[in-house]
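Commentary on secondary and tertiary structure
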Amino acid sequence: MRKGIMREDRQNDEIREIKIRPNYLEHPDGSVLIECGDTKVICTAMIENKVPTFLRGKNKGWLSSEYSMLPGSTPTRKVRDISKGKLDGRSSEISRLIGRSLRSSIDLDKIGERTIWIDCDVISADGGTRTASITGSYIALKIAVKKALESGKFEEDPMKSKVAAISVGKVNGINLVDLDFKEDSNADVDLNVVMNDKFELIEIQGTGEGDTFTIDELNEFLKGAKRGIEDIFRYFEILEQYI
Ligand code: UDP
């Protein structure tokens, strides 16, 4: 990763300050407020005692996710999906990404015929809302699972791995980790990377819209993402003592 002139307040390969407040809401089984710089998302995990029709009678569970942005989370009012009568393409794509990412962290054969609902509500958007949603949801899920184990709802621990996500990109020829909105809107290459705690890849979303990128450059981006995700997992280690 090239160090350089690009950023004033942090290194080019440094993530924004991350803060996760566990048990942020009263009612859900698990909840957090995650802040990554000025991006803020409330993530909740709620366990429902039924599964979608395609899984009925199979003695296994499901995890599903919904993502949305509060009208006041963006500089110009974001019209609610419900006002338009349908989920917009971006929200449904992100909802499915969060679901896939979190399903990789849990053994659904161990939760009985239940659905875990992950809901991510962006209250302040400054780039990286999908990656913050994935990282925050992992902690919300972990809290919900802990409660279900304590209450006897779950008989064995279904968690398989930790999950976190970060964005990487290229702006004015310089590689950056964890892009804010200003950087994101000027990025020629933009990737969202999801990894587990063995640093195996769960998903990569990458576009070279302003500039194409080579396989060698992709490797550089992934190395930057891995370093960012290492920092998140270090933060998790401290946080997990309190949940
Ligand atoms: N954004 C916005 N309105 C929108 C969608 C996005 O203001 O309807 C801003 C917001 O700051 C968001 C950023 O653009 O974080 C980047 O959006 P992108 O679709 O790349 O997703 P994200 O980086 O948030 O996962």
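The coordinates are above.
Computed from a predicted structure; not experimentally measured. The numbering scheme is per chain: residues are counted from 1 as the chain's sequence reads. Confidence filtering applies because this is a predicted model: local features only for residues at pLDDT of at least 70, side-chain atom pairs given and counted only at 80 or more, and all residues used for totals across whole chains, interfaces and linings. Note that the side-chain values use all heavy atoms of the structure and ignore hydrogens as well as water.

Moving on: the site of the ligand. Within the structure, the ligand sits among Thr74, Lys78, Arg90, Ala125, Asp126, Gly127, Gly128, Thr129, Arg130, Phe181 and Asp184. Throughout this description, a polar contact denotes any pair of N or O atoms lying within 3.5 Å of each other; where both atoms belong to protein, one of them has to be capable of donating a hydrogen while the other can accept it, and for residues adjacent in sequence the pair is counted only when both atoms sit in side chains. At 3.4 Å, a backbone N or O of Ala125 approaches an oxygen atom of the ligand. A distance of 2.9 Å separates an oxygen atom of the ligand from a polar atom in the backbone of Gly128. Reported accessibility uses the Shrake-Rupley method at a 1.4 Å probe radius. Residues are deemed covered only where the shown protein chains occlude them. Coverage of the ligand by the protein amounts to 79% of the 500 Å² it exposes when considered alone. The site holding the ligand turns out to be the largest pocket. Strands here are runs of E lasting at least two residues and helices are runs of H or I lasting at least four, both read from the DSSP assignment and numbered beginning at the N terminus. Mapped by element, the contributors of at least two residues to the shell around the ligand are α3 (129-151) and α4 (181-185). Classification used: nonpolar for Ala, Val, Leu, Ile, Met, Phe, Trp, Tyr, Cys and Pro, charged for Asp, Glu, Lys and Arg, polar for all others including Gly. Here the residues of the shell around the ligand are counted per class, giving two nonpolar, four polar and five charged. Proximity is defined per residue: any heavy atom of the residue falling within 4 Å of a molecule or strand makes that residue near it. For cavity detection a 1 Å grid was placed over the protein atoms alone, and a set of points counts as a cavity when a 1.4 Å probe fits there but cannot get out; an open set counts as a pocket when protein lies on both sides within 12 Å along at least five of seven lines, with lining residues being those that have an atom within 4 Å of a point. A cavity or pocket is said to hold a molecule if more than half of that molecule's atoms lie within 2 Å of its grid points.

Turning our eyes to something else, we now look at the packing of α3 against helix α5 (residues 215-239). Between the N-to-C directions of two axes lies an angle of 0 to 180 degrees, each axis being a line fitted to C-alpha atoms and, for a helix, fitted only over the stretch in contact. Contact geometry for α3 and α5: axes closest at 12 Å, N-to-C directions at 25°. Judged by the inter-axis angle, α3 sits roughly parallel to α5. In the packing of α3 onto α5, the handedness of the crossing is right-handed. Contact residues: α3 offers Thr135, Tyr138 and Ile139, while α5 offers Ile232, Phe236 and Leu239. These descriptions rest on fixed angle ranges, namely under 35 degrees for roughly parallel, over 145 for roughly antiparallel, 65 to 115 for roughly perpendicular, and the rest for oblique. For any pair of crossing helices, the crossing counts as left-handed if the nearer helix is rotated counterclockwise from the farther one by less than a right angle, and right-handed if it is rotated clockwise. Between two residues, a contact is recorded if the distance between any of their heavy atoms is within 4.5 Å.

Time to look at the sheet that holds strand β1 (residues 18-22). Pairing between strands requires that DSSP locate at least two bridges from one strand to the other. With mixed pairing, five strands are arranged side by side in an open sheet as β1-β2-β3-β5-β4. Every other strand in the sheet has two partners, leaving β1 and β4 (62-69) as the edge strands with one partner each. On average, each strand axis in the sheet is inclined to that of its neighbour by 15°, with strand direction left out of account. Relative to strand β2 (residues 30-36), β1 runs antiparallel, the two being bridged by five bridges. Note on β2: the bridge partner recorded for Arg21 is Leu33. The strands touched by helix α2 (residues 89-103) within the sheet are β4 and β5 (115-124), with β4 carrying the most contacts at an inclination of about 145°.

So, about empty space enclosed by the protein. Grid points are joined across faces, edges and corners, and a volume is the space filled by probe spheres set on the points. In the structure shown here, the tally under the stated rule is one cavity of 30 Å³ or more. Its boundaries defined by the atoms lining it, the largest cavity holds a volume of some 90 Å³. Every residue along the wall of the largest cavity is listed here: Ile15, Arg16, Ile18, Cys36, Gly128, Thr131, Ala132, Thr135, Ala165, Ile166, Asp178 and Ile232. Within the residue set of the lining of the largest cavity, elements represented by two or more residues are α3 and β6 (163-171). If you tally residues by element for the lining of the largest cavity, the top one is α3, at three residues. Counted by class, the lining of the largest cavity contains seven nonpolar, three polar and two charged residues.

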